[in-house]
Amino acid sequence: MHRRLAIFTYKVLVNTNPIPITTATSTALLYSQCNLLNPRTNGFVFFRLLSFTPGHRRAEDPDDPSNLMKEDGVSVCSQMWIESFREPDRIVSNLTTYLRRFELWVLAYQKVCADDMGAYMPRSAIQRSALEDLLALRNAVLDNRFKWGARLDFLIKSPKDKTDYQSLSKRKIKAILTTTQPAAFQDKIVQEVLFMILEPIYEARFSQKSFAFRPGRNAHTVLRVIRRNFAGYLWYIKGDFSTILDGMKVGLVISALMRDVRDKKVIDLIKAALTTPVITSCMEEPKKKTKRKYQKKRVLAEDEPKPDPYWLDTFFGFAPEEAEKVPSWGHCGILSPLLANICLDELDRWMEGKLKEFYRPSKSDVIWNSPEGEAEQGNTSWPEFVPTSGPDKTRKMDYVRYGGHILIGVRGPRADAATLRKQLIEFVDQKYMLKVDNESLPIEHITKGIMFLDHVLCRRVVYPTLRYTATGGKIISEKGVGTLLSVTASLKQCIKQFRKLNFLKGDRDPDPQPCFRMFHATQSHTNAQMNKFLSTMVEWFRYADNRKKIVNFCSYIIRGSLAKLYAAKYKLRSRAKVYKIGSRNLSRPLKEKKGSSPDYHNLLRMGLAESIDGLQYTRMSLVPETDYTPFPSNWIPDHEKALLEYISLDDPKTLEDQRCSIRKQGLVSSQDYISMLVWNYKRNAIEMDQLSLIKSGGNNTEKEQQLLLGSDKDAYDQKSKEEEEHEDGFDVAEI
């Protein structure tokens, strides 16, 4: 009993914060009662020390909402992800417990504030009034008092919203109630909380064949998967189901949601968001044009979000057709893409079943002849040097989906692709009530080129030299015939996008047009904006076979557009004169200030001129090479890989298997090895390890080896008992 009490007292003292002592009298009193240098002092004295409470200590406010935050919001989200990936197939029915966690609401408030104000708000900067309003919003959601799409009655408002809605005139109130308004601040918070709760559940269940609106997956991932897995396919089916992203019947969405989630409160919240009508302003008659008055430039406040820069706005204009549409259903907001993926996940599962049914391996084929069809057979970008069709060849197909667009590759006769298309039309009609026909699901041969994400998939015939060892060890070299899957950026589509953004006109002989939106910007700022745009274009075409050619073409269009802009701005009449003064990359100033020295380098050195960066990639040799980094066959994002590894290491069975494997192989774990070194140094006052024994060539005696490995068990046990007794008798004097 005395031993346990002493150990408990020692642990309490170590983990207890220092108690403030205000007066010298109390200090002397406490010191006399628990003198740390007095060997007679025992652990009971510290109960009097722990019971001492300063009189000036202020009690905590029970009404403070911050007391509800027991953990950090990020740790709560991490635990949800771990639980979902540990049991991905379970039916979830207790989400209300997470809906009550105030930490998630505070985290959602921080995220919405960052989007709304353009700056991150730390938890310590959130005012108590905002926390109280946030708590009221949480309670309203839990008590079914929350209403989507409120226009005047808010439980919580944005920090930058200073409008007094009680003092508004009737005309302004009518305008607010009848015109299109952005989503309310409180609606965004509820959407964020629901998104944080639902995303980990469905990310653990989604198919690996879908890539849009998901973390860790993007258009580049699709292109790399196509380059890795679609080599050798002859027939392609390209489908457009993007009309599903415009909206579905509420019953279909809720039924898809309830396959995995059975929490009534969460389901009712999403159902109310889908069924609550969204108020949109009606078409008004065009107003008469009035003479424009002079408007003073408005200076943005520090906490006001800055508008998108020109280069970013221009780059988003290049979005492929498959990535242009983002779903927005009712008042769901950021939940809409997740709900769209939940509904289309049934299509992914159906297609995965068809992939297994269609697969027929052939032993006489050089690839895909394993039972699972996933065994590595060399470099699959060079898949075969034999005919790709015939009754004795492996039949296989693959499938990817990006948003509402699908791509199916079929290796086999065209009749099989036609049968699959017929079944797909029936499934989409039955499940999503979407009428599609053969024209909307065309079957195209690889030789015609298949457009997907503004990249063209085609096949090139190559004649590599095959070297192999024949009977007798003779090396034979002969020319072979093979096919290579090519993923190239579409120049035609690039011209179309530039023409849409008014950068050029004409198709056969495109002529750059001046970008007058940058007319009032300086030459330095304009060049910097276009360099950022070119850098994003280089990254977008990173995996295209013709990366150098397409980026060089983009650089030519932008350089010609800027040259025409500068010719009009500085009255230089022609592009040739602009290039003559400003050089090929437009890095020299085109107009000097009056009364200044014409030598630009001297002005730049003295700080009287602004540094001008020349345009990038003016020559094809400056464009980086295409990235051909091998892509794993069963690729998963890094965050999922980390989650699965954490779950595996957290399992006691995994650790036991590792220990058994170490014992069977006669190895020593790193922890045991370090413990052995420390023990031998503590016992023998020498530093010895197994490596020194090996290097000494076995000259050490048997006794030294026993000391190193700890084989003297009796002495080890006796020493352990002595130290344990010594630690049991540990009292205050030894602290």
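Please read all numbers here as calculations on a predicted model, not as lab measurements.

Regarding the packing of helix H9 (residues 185–203) against helix H15 (residues 335–358)
Right, so step 1: Between H9 and H15, the least distance of the axes is 10 Å, while the angle of their chain directions is 30°. Judged by the angle between their axes, H9 and H15 are roughly parallel. Crossing of H9 against H15: the hand is left-handed. Contacts from Gln 191, Leu 194, Phe 195, Leu 198, Glu 199 and Tyr 202 of H9 reach H15 at Leu 335, Leu 338 and Ile 342.
Right, so step 2: For the contact of H9 with H15, the residue count by class is seven nonpolar, one polar and one charged.

Topic: the sheet that holds strand E6 (residues 455–462)
Right, so step 1: One open sheet holds the three strands; their spatial order is E5-E6-E9, and the pairing between them is antiparallel. Looking along the sheet, the strands with just one partner apiece sit at the ends: strand E5 (450–452) and strand E9 (482–489). Between one strand axis and the next, the sheet turns by 35° as a mean value, whatever way the strands run.
Right, so step 2: Relative to E6, E5 runs antiparallel, the two being bridged by three bridges. Residue Met 451 lies in a different strand from E6, and its bridge partner there is Val 456.

A few points about the environment of Ser 574
Right, so step 1: One can find Ser 574 in the loop between helix H19 (547–569) and helix H20 (575–582).
Right, so step 2: Once the C-alpha coordinates of Ser 574 and Ala 563 are considered, the two residues, eleven residues apart in sequence, prove to be 8.2 Å apart.
Right, so step 3: Within the structure, Ser 574 has its side chain in polar contact with the backbone nitrogen of Lys 577 (distance 3.4 Å).

A closer look at the confidence of the model for the chain
Right, so step 1: In the predicted model, the chain carries a mean pLDDT of 79, and the fraction of residues at 70 or more is 75%.
Right, so step 2: Across residues 1–55 the pLDDT falls below 50, and counting only partners more than four positions away or on other chains, this stretch makes 41 contacts in the model.

Some remarks on the side chain of Glu 346
Right, so step 1: With respect to the helices and strands, Glu 346 occurs in helix H15.
Right, so step 2: Classification of Glu 346 as buried rests on a relative accessible area of 16%.
Right, so step 3: Aside from chain neighbours lying at most four places away, what touches Glu 346 is Ala 256, Arg 259, Phe 427, Lys 431 and Tyr 432.

Focus on the pattern of salt bridges
If the charged atoms of two oppositely charged side chains come close together, the side chains can form a pair.
Right, so step 1: Inspection of every chain in the model, using the stated rule, returns 31 salt bridges.
Right, so step 2: A salt bridge links Asp 260 to Arg 205, with the shortest nitrogen-to-oxygen separation between them at 3.2 Å. Of this pair, Asp 260 sits in the loop between helix H11 (250–257) and helix H12 (264–275) while Arg 205 sits in the loop between H9 and helix H10 (219–229), and the two are 55 residues apart along the sequence. Taken individually, Asp 260 and Arg 205 each receive the classification buried, so the pair is uniform in this respect.

A word on the packing of aromatic side chains
How two aromatic rings sit relative to each other is given by the distance of their centres and the angle of their planes.
Right, so step 1: All chains considered together, the criterion is met by 17 aromatic pairs.
Right, so step 2: Their ring planes at 20° and their centres at 6.2 Å tell us that Phe 230 and Tyr 236 sit as a pair that is stacked. Each of the two residues, Phe 230 as well as Tyr 236, counts as buried.
Right, so step 3: Ring centres 6.3 Å apart and planes at 85° place the aromatic pair Phe 427 and Tyr 432 in the edge-to-face group. Here Phe 427 matches Tyr 432 in class, with each residue buried.
Right, so step 4: Grouped by ring-pair contacts, the aromatic residues Phe 318, Phe 498, Phe 503 and Phe 533 constitute a single cluster.
Right, so step 5: The lysine or arginine in question, Arg 414, covers the ring of Trp 235, its NZ or CZ lying 5.9 Å from the ring centre.

Basis of the calculations
Residues numbered from 1 in each chain as written. Predicted model: local features only at pLDDT ≥ 70, side-chain atom pairs only at ≥ 80, totals over all residues. Heavy atoms only, no water. Axes fitted to C-alpha atoms, helices over the stretch in contact; angles between N-to-C directions. Helix = DSSP H or I, 4+ residues; strand = E, 2+ residues; numbered from the N terminus. Parallel < 35°, antiparallel > 145°, perpendicular 65-115°, else oblique. Left-handed = near helix turned anticlockwise from the far one by under 90°. Contact = heavy atoms within 4.5 Å. Nonpolar A, V, L, I, M, F, W, Y, C, P; charged D, E, K, R; others polar. Pairing = 2+ DSSP bridges. Polar contact = N/O pair within 3.5 Å; in protein donor to acceptor, adjacent residues only side chain to side chain. pLDDT = per-residue confidence, 0-100. Buried < 20%, exposed > 50% of the residue type's maximum accessible area, 1.4 Å probe, protein only. Salt bridge = Lys/Arg side-chain N within 4 Å of Asp/Glu carboxyl O. Phe/Tyr/Trp six-rings, centres within 6.5 Å; stacked < 30°, edge-to-face > 60°. Lys NZ or Arg CZ within 6 Å of the ring centre and 35° of its normal.

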